[in-house]
Amino acid sequence: MQAPGVKIVCPAFPDDAKGLLLEAIRDPDPVLYLEPQRLYRKIRGPVPAGDHTVPFGLSRLVREGEDVVLVAWSAAVHLCLAAAEQLAAEGVSASVLDLRTLVPLDVAGLIAAVQKSGKVVVVHEAPVTGGFGAEIVATIQQEAFASLDAPIRRVASRDTPYPPGSLEDHFLPSVRRIVAATRATVEY
Amino acid sequence: MSLDQVVEALRLMLLSRAVDDRLIKLQRMGKVGVYGPVHGQEAAVIGSAMALDPQRDWIVPASREHPAMLRHGLPLKNMFATYMGNFDAAAVPDGVRLLPRQQSIGAQLPHAVGLAWAVKLRGTGGVVAVYFGEGASSEGDFHEASNLAGVMRVPLVMLLINNHYAISTPVHRQTAAAELAARAEGYGFRGFVVDGNDLLAVYATTVDAVNRALAGGGPTPIECRTYRMGFHNTSDNPKEYRDRAEVDAAEQRDPIERLRRYAIREGIWSADQEAAELVEIRSAIDTAQRQVEALPRPGAAAIFEHVYETLPPRLQQQKAEALDDARPN
């Protein structure tokens, strides 16, 4: 993120994987295109045929809700969708915003999603301290402080080296942790 | 090499092959995440390791030196624990002169030079033996480490295990150089090429290199030409990039068969001895596996170990949360 002149995109769905890749190839600037290896063979989705591109700097609301917005990108989007399903059963209505582009960030789209409910949870796979979630939280509180009805929580990985595979679940964000953080935010 | 040493070598080769077979099996059963066998490289690894003194010399491995590490003092149980995901049980015991297995290609080379430099400064004698592949010799770390090793004239034996494949990259696509050991001249020292499947030749060449280092003669690279008979690791399928014919030809030059024939001809080995040895090996492997399986499974707290001497407040909080999250609902 701290490399100026570079754009960063992260598809979470197959259609965006194609759209963002074509856009990346045509973009005149250097682009870091980050694929979620975790999702290879794990998810399926429709992919438009032909010349399908997705503009950079445009997030997508992949689930609509009234009470809170879960902001995420890449593999974490799917965790948020699963958490939103669970929360719906408890009567909590959560939006899920897939950022798709980290640099340049879709600030307008982010703020619009925040203003709907005033409650936000940010989820990412990188360790929490200094992660991009911190940038999102800083941006939201600067641009939409008056719209906030609760502190913004982040659900992310622990500040430790990546553990052996058998311990991954204790390190990474989980649906359980996202549900707990969202509940606490909604109840604030 | 004495005849006793030949028997020791043969036992280690058989152990190595059997460990390979067991850890691959465990991976296919889901008890091991990933494993890369030594298969085909036993003479290069064991022949060189046997020229070292575990009480005095250091080994800096890459990730395909299991029999050298075992001979040098790593318990078999610890090796199994590495692959079965219990990092505490996998730790190199105090007093064993081994750096841990290392996956980042070539990154162990600068460490080995630093270690050899420290050994020289301490003045208590001994050498450092570092293992790496021909793929690692293309990395920047190799060149920086080699140059510094030459300038500081450190007691280093550089075992370049040229197994002809860096995952799927064959050596003729790895470099245009006819000989990797010849790079030594660029750093001010001299390298040697040896048939990596001839355990006796590898041993003799390494002994020379060790003696040179002990006498203050600086580093010696030894390019051991061998062949990676197995896959790169359990996630790899070599059928996609090499011919069956090439692998069959390599099997004709199997280093274990080669030493076995020599030992039998010298009257120090037999089919009965081998059968008995395999029974002991199997028992040792079963024991190691059982011991690791009997250990309490590492829990959430394990990921916070070995990060800091004392956990800072934020991490203490994360650890408490992780333990809480780990409790069943």
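Residues numbered from 1 in each chain as written. Chains lettered and ligands numbered in written order. Predicted model: local features only at pLDDT ≥ 70, side-chain atom pairs only at ≥ 80, totals over all residues.

Draft legend 1. Layout of the overall build of chain A. Tallying secondary structure elements over chain A gives six helices and eight strands in all. What you see in chain A, going N to C, is helices and strands ordered as β-α-β-β-β-α-β-β-α-β-α-β-α-α. A compact globule built from 188 residues would reach a C-alpha radius of gyration of about 16 Å, and chain A, at 16 Å, matches this within 12%. The buried share of chain A, reckoned over its 188 residues, is 41%. (Helix = DSSP H or I, 4+ residues; strand = E, 2+ residues; numbered from the N terminus. Rg over C-alpha atoms; globule rule 2.2 N^0.38 Å. Buried ≥ 20, exposed ≤ 12 C-beta atoms within 10 Å, placed from the backbone.)

Draft legend 2. Examining the sheet that holds strand 6 (residues 101–103) of chain A more closely. All names here are of chain A. The sheet built from three strands is open, its strands ordered 2-1-6 with mixed pairing. One side of each edge strand has no neighbouring strand; the edge strands of this open sheet are strand 2 (31–33) and strand 6. Mean inter-strand twist for the sheet, computed between neighbouring axes without regard to direction, equals 20°. For strand 1 (residues 7–9) and strand 2, the ladder comprises three bridges, and the chain directions are parallel. (Pairing = 2+ DSSP bridges. Axes fitted to C-alpha atoms, helices over the stretch in contact; angles between N-to-C directions.)

Draft legend 3. Region of the structure containing the packing of helix 2 (residues 42–49) of chain B against helix 10 (residues 199–214) of chain B. All names here are of chain B. Between helix 2 and helix 10, whose axes approach to 8 Å, the crossing angle comes to 40°. For the element pair helix 2 and helix 10, the recorded crossing hand is right-handed. Only Leu199, Val202, Tyr203 and Thr206 of helix 10 make contact with helix 2, whose side of the interface consists of Ala43, Ala44, Ile46, Gly47 and Ser48. Its residues assigned to classes, the contact of helix 2 with helix 10 comprises six nonpolar, three polar and no charged. (Left-handed = near helix turned anticlockwise from the far one by under 90°. Contact = placed C-beta atoms within 7 Å. Nonpolar A, V, L, I, M, F, W, Y, C, P; charged D, E, K, R; others polar.)

Draft legend 4. Broad picture of the confidence of the model for chain B. Summary statistics for chain B give a mean pLDDT of 97 and a share of 100% for residues scoring 70 or more. Interface scoring of the predicted complex returns ipTM 0.93; its pTM is 0.91. (pLDDT = per-residue confidence, 0-100.)

Draft legend 5. A look at the domain arrangement of chain B. As far as domains go, chain B holds domain 1 (3–297) and domain 2 (299–329). Here the C-alpha centre of domain 2 of chain B lies 36 Å away from the C-alpha centre of domain 1 of chain B. (Domains from an automatic or database assignment.)

Draft legend 6. The arrangement of the interface of chain A and chain B in detail. Opposite the 14 residues of chain A that make contact, chain B presents 15 residues. Listing elements by their share of the side of chain A that touches chain B, those giving two or more residues are helix 5 (168–171) and helix 6 (175–187) of chain A. The class makeup of the residues in the side of chain A that touches chain B is five nonpolar, five polar and four charged.

Draft legend 7. View of unusual backbone geometry. A cis amide bond links Val103(A) with the next residue in sequence, Pro104(A), at an omega value of 0°. Mapping Pro104(A) onto the fold places it in the loop between strand 6 and helix 3 (107–117). Although it is not a glycine, Ser74(A) sits at a positive phi angle of roughly 60°. Tracing the chain through its elements places Ser74(A) in the loop between strand 4 (68–72) and helix 2 (76–89). The buried category is assigned to Ser74(A), around which 23 C-beta atoms lie within 10 Å. Even without being glycine, His306(B) reaches a positive phi, approximately 65°. Within the secondary structure, His306(B) is located in the loop between helix 13 (271–294) and helix 14 (313–326). In this structure His306(B) comes out as exposed when scored by C-beta crowding, with 12 C-beta atoms within 10 Å.

Draft legend 8. Up close: the nonpolar core. Of all hydrophobic cores here, the largest spans 79 residues; its most connected members are Ile46(B), Ala112(B), Val128(B), Val130(B), Leu156(B), Val157(B) and Leu159(B). Sequence-distant contacts of Ala112(B), that is, excluding residues within four places in its chain, are made with Val60(B), Val128(B), Val130(B), Ala145(B) and Leu156(B). By size, the runner-up hydrophobic cluster in this structure holds 47 residues, among which are Val69(A), Ala76(A), Leu99(A) and Leu102(A). (Core = buried A, V, L, I, M, F, W, Y, C linked by C-beta atoms within 7 Å.)

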